[in-house]
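An overview of the molecular structure
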Amino acid sequence: MTENPVQNPAQGAVQSPAQNQRDQRTAAAGAPAQGAVEEETPPAAFQVEGLNMWYGKKQALFDITTSIPSKTITAIIGPSGCGKSTFLRCLNRMHELVPHSRTEGTVRLFGQDLYARNTDASIVRRRVGMVFQKSNPFPTMSIGENVVVGLRLNGVRNRALLNERMEQALRMAALWDEVKNDLNRPGMSLSGGQQQRLCIARAIAVEPEVLLMDEPASALDPIATMKIEELTQQLKANYTIVIVTHNMQQASRVSDKTMFFYMGKLIEYGETKRLFFQPSEKKTEDYITGRFG
Amino acid sequence: MAFQTANNHTLRKALSVLVSVATFLCALLVIAPLAIVFVHLVDKGASSVNWDFFTKLPKPPLEAGGGMANAIAGTLTLLVLASLVGVPIGVLGGVYLSEYGTDRGNWWLRFFGDVLNGVPSIIWGIVVYALIVKPTKTFSAYAGGVALGFLMLPIIMRTTEEVLYLVPQGYREAGLALGIPRWKVIVHIVMSSALKGITTGVLLALARVAGETAPLLFTAFGNSFWNHKLSDPIAALPLQIFAYAISPYDDWHRQAWAGALVLVCFTLVVNVTVRFLTRGKAMRV
Amino acid sequence: MNEYGKHIQPSFDKALDALKEDVLLMATLTERSLNKAMNGLFKRDDDLCAAVIADDQEIDQLEVGVDKDGISIMLRFQPVASDLRQVVSAMKVSGNLERVADQGVNIARRARKLNHAPSLDQLHLLEPMYWEALTIFKDSVRAYSDGEVELALSLKGRDKKLDDFDRKVGEEITAQMAKYPNRITSYLNLIFIARHLERVGDHAKAIGEDAIYAAAAEDVRHQPRAVTSE
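Computed from a predicted model, the values in this text were never measured in an experiment.

Turning our eyes to something else, we now look at the overall build of chain C. Per the secondary structure count, chain C includes six helices and zero strands. Here the C-alpha coordinates of chain C stretch approximately 70 × 40 × 20 Å along the principal axes. Counting only residues that meet the buried cut, chain C has 43% of its 230 residues in that class. Taking the contacts inside chain C whose residues are at least 6 apart along the sequence as the reference set, 79% of them involve residues at least 24 apart.

Right, let's talk about the packing of helix α5 (residues 121-136) of chain B against helix α6 (residues 141-166) of chain B for a bit. All names here are of chain B. The N-to-C vectors of α5 and α6 enclose an angle of 135 degrees; their axes lie 9 Å apart at closest approach. It follows that α5 is oblique to α6 by the angle criterion. For the crossing formed where α5 meets α6, the hand is right-handed. Every residue of α6 that contacts α5 at S121, W124, G125, V128, I132 and V133 is listed here: Y142, A143, V146, A147, F150 and L151. Classifying every residue of the contact of α5 with α6 by side-chain character gives 10 nonpolar, two polar and no charged.

Among all positions in helix α11 (residues 237-245) of chain B, only L237, P238, L239, Q240, I241 and Y244 of chain B are buried. Contact partners of the buried residues in α11 of chain B: α3 (69-99), α10 (214-217) and α12 (250-277) of chain B.

Let us look at the interface of chain B and chain A. On the side of chain A, 21 residues touch chain B, which itself brings 15 residues to the contact. The set of elements that each furnish at least two residues to the side of chain B that touches chain A consists of α7 (169-177) and α8 (182-193) of chain B. The greatest single-element share of the side of chain B that touches chain A, amounting to six residues, is contributed by α7 of chain B. Its residues placed into classes, the side of chain B that touches chain A shows eight nonpolar, five polar and two charged.

With that settled, the discussion passes to the domain arrangement of chain B. Residues and elements named next belong to chain B. In terms of domains, chain B is made up of domain 1 (6-48) and domain 2 (51-277). Spacing between the C-alpha centres of domain 1 and domain 2 amounts to 33 Å. In this assembly, seven residues from domain 1 lie in contact with eight residues from domain 2. Of the residues belonging to the side of domain 1 that touches domain 2, the class tally is four nonpolar, two polar and one charged.

What follows covers the sheet that holds strand β5 (residues 112-113) of chain A. Residue and element names in this part refer to chain A. Pairing in this open sheet of four strands is antiparallel, and the strands run β2-β1-β4-β5 from one edge to the other. Edge positions in the sheet fall to β2 (58-69) and β5, since each of these pairs with one other strand and no more. Pairing of strand β1 (residues 44-55) with β2, which is carried by eight bridges, proceeds in the antiparallel orientation. The residue bridging A44 from the neighbouring strand is P69, located in β2.

Rules used throughout
- Residues numbered from 1 in each chain as written.
- Chains lettered and ligands numbered in written order.
- Predicted model: local features only at pLDDT ≥ 70, side-chain atom pairs only at ≥ 80, totals over all residues.
- Helix = DSSP H or I, 4+ residues; strand = E, 2+ residues; numbered from the N terminus.
- Buried ≥ 20, exposed ≤ 12 C-beta atoms within 10 Å, placed from the backbone.
- Contact = placed C-beta atoms within 7 Å.
- Axes fitted to C-alpha atoms, helices over the stretch in contact; angles between N-to-C directions.
- Parallel < 35°, antiparallel > 145°, perpendicular 65-115°, else oblique.
- Left-handed = near helix turned anticlockwise from the far one by under 90°.
- Nonpolar A, V, L, I, M, F, W, Y, C, P; charged D, E, K, R; others polar.
- Domains from an automatic or database assignment.
- Pairing = 2+ DSSP bridges.

Okay, structure coming up:
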């Protein structure tokens with residue numbers, strides 16, 4: 001992971017003491033701990049301030065300010081059209097694929113502004129990977145080629161290194177044992193759940209710092225879903241994970257923290273165990289208990 | 001069921017059968033000319049398609065024998081030259097339409113592409129005559145190739161755009177999400193997925209222009225002998241057929257039939273190849 | 001009843017309401033049992049005591065039913081937040097109610113024994129204790145039914161008073177035992193009845209804790225001082 005230049009978070013913004021502590025950590029992001037830092041909360045992977053987002057004339061996100069801790073799993077829940085996928089895509093600038101989209105506000109990844117004028121979107125996306133709802137292994141490539149395509153097309157040529165990374169990524173995606181003898185088979189020949197794990201392997205092969213998942217299991221059967229959820233728990237050790245899901249049970253099973261979005265606003269954000277047991281906001285309570293209507 | 005009387009039922013059935021038969025006959029009518037042409041060609045030309053036809057140069061008039069070897073070679077050469085012009089520009093144009101560009105701009109681009117598609121092929125001949133033949137003061141294979149290339153352009157641009165459009169957006173997103181630069185995503189992921197479709201588009205365009213005569217009239221011009229330099233005039237099958245057909249010599253007529261048969265067979269083979277390549281897949285051009 | 005509004009699935013509302021009604025029915029029956037048991041004692045009426053013992057079966061069956069329905073709701077609807085707390089506390093409260101009813105049965109049995117012995121003056125010592133226990137019990141049920149956290153919190157102190165009461169009664173009657181050793185059996189029964197009333201207070205306190213859990217999501221059990229973030 002590259003050292004990130006120190007960026008000062010917004011001066012003068014009203015912050016809670018816990019937020020201040022997180023900011024101090026952000027400022028020292030990347031540097032090993034100098035002396036004892038007795039900090040229970042891990043450093044923030046993402047620091048979002050005043051994020052507003054429009055698709056053309058239509059505003060999709062309203063003034064989102066939050067921070068996502070690193071090496072945790074954060075789930076984003078909310079009804080259809082609430083902006084959760086939009087918010088997710090703002091974290092790796094994938095919303096820019098939609099014409100006439102624009103954002104205001106800042107998103108910092110370990111202190112570095114992702115939307116700074118001279119920041120290349122490709123580099124952002126190498127640090128913040130993404131797995132999609134419908135698994136999409138590239139059809140013209142074999143399993144092995146699919147895994148390393150991100151490395152190869154970004155200039156890595158060393159065969160040995162590619163093979164090593166491929167095995168490592170497939171192991172981490174809990175897929176190695178199932179495909180190690182069939183690496184030359186087409187990527188599309190795998191089952192749905194395996195394809196999705198292949199996409200996860202492909203995403204982590206480029207060694208991002210964050211893994212974004214947009215409803216990764218919604219197209220899968222229950223067993224495959226369980227495997228993906230289990231895998232997500234294992235990946236937490238090495239990656240910050242943000243997962244959008246419309247399945248609240250999944251959010252409560254898998255995540256450490258949960259965000260609830262409604263109509264483009266962040267309504268509540270807190271520890272998953274607490275949010276699903278005793279939400280602070282009535283809207284959250286109404287949504288998770290199925291009282292919306 | 002309560003509303004159907006016996007009479008009603010018979011009438012409806014008769015009408016249904018009538019329509020089926022009528023549409024079947026119309027379909028036959030559509031295919032009939034092709035069948036008629038083919039049968040006629042085989043009848044008139046098959047006997048003249050022999051080894052000499054493919055290997056010998058044309059003999060002067062009134063001398064029997066000879067073949068169209070140079071015309072066949074010439075057509076193939078012209079197709080290669082045309083591809084060098086038409087394929088890169090056409091494919092990249094299609095890529096632009098599909099992957100880049102604005103809605104407005106693309107609309108105009110497609111519009112002009114369609115207009116160019118409809119331009120009579122002889123116009124291309126005249127244009128290339130003015131652009132290349134006049135300045136170089138000679139008819140040439142280059143000129144013929146360029147004229148055919150221009151003819152291929154709008155077709156290839158359109159078919160490329162259409163097959164690229166069929167590539168699911170998910171692949172582009174997945175590629176970009178890996179931090180791969182956009183142009184690499186387009187080349188290595190999108191275009192490689194659509195390669196079959198692009199190839200069939202090119203093949204179909206080639207089959208189409210292989211039989212064009214008018215653009216070659218004042219560009220390639222035709223040649224009784226082998227073409228040794230690409231800056232010299234060159235023979236082509238349709239040109240040769242035309243020249244032989246309007247001549248007063250029976251022997252040449254015979255050879256013209258043979259040439260026409262070969263040309264039609266060439267087109268047929270390309271189309272069958274295309275069908276074969278696209279079998280079973282969703283991508284049909 | 002529910003300030004949160006209706007669920008999108010009416011069957012969910014129906015199931016939750018039915019669960020709560022069963023618990024409250026149990027509470028009514030339990031209160032009636034207690035009443036009958038103590039009246040059977042004070043009025044020396046064996047029929048009342050027998051009725052208490054017979055009616056306990058209905059309460060036991062309700063407890064089983066509440067547990068079954070609670071599990072069924074959890075399987076079907078996977079409740080979260082307030083719904084989850086409601087279901088869990090309903091199951092716990094029904095358990096506590098069944099124990100209170102059991103104490104009623106125990107009192108009824110001992111009352112029957114006392115009724116077959118000569119009456120004792122010290123019986124009147126139990127009266128205020130009984131009223132206190134009953135009031136604590138009724139308040140605990142109300143705290144559960146209406147989600148009254150403050151009321152539930154007050155139960156802990158009141159239960160302590162009941163414990164003191166029980167101790168005092170025990171001391172007084174023990175003193176009497178020394179004076180009239182031939183009445184020891186009856187005196188022992190009285191002491192046991194006092195102990196049963198003290199248990200009623202304990203279980204009522206537990207019901208109060210469950211009520212706080214349901215309403216305020218706070219687990220206040222086993223704490224020296226009950227605190228809530230409300």
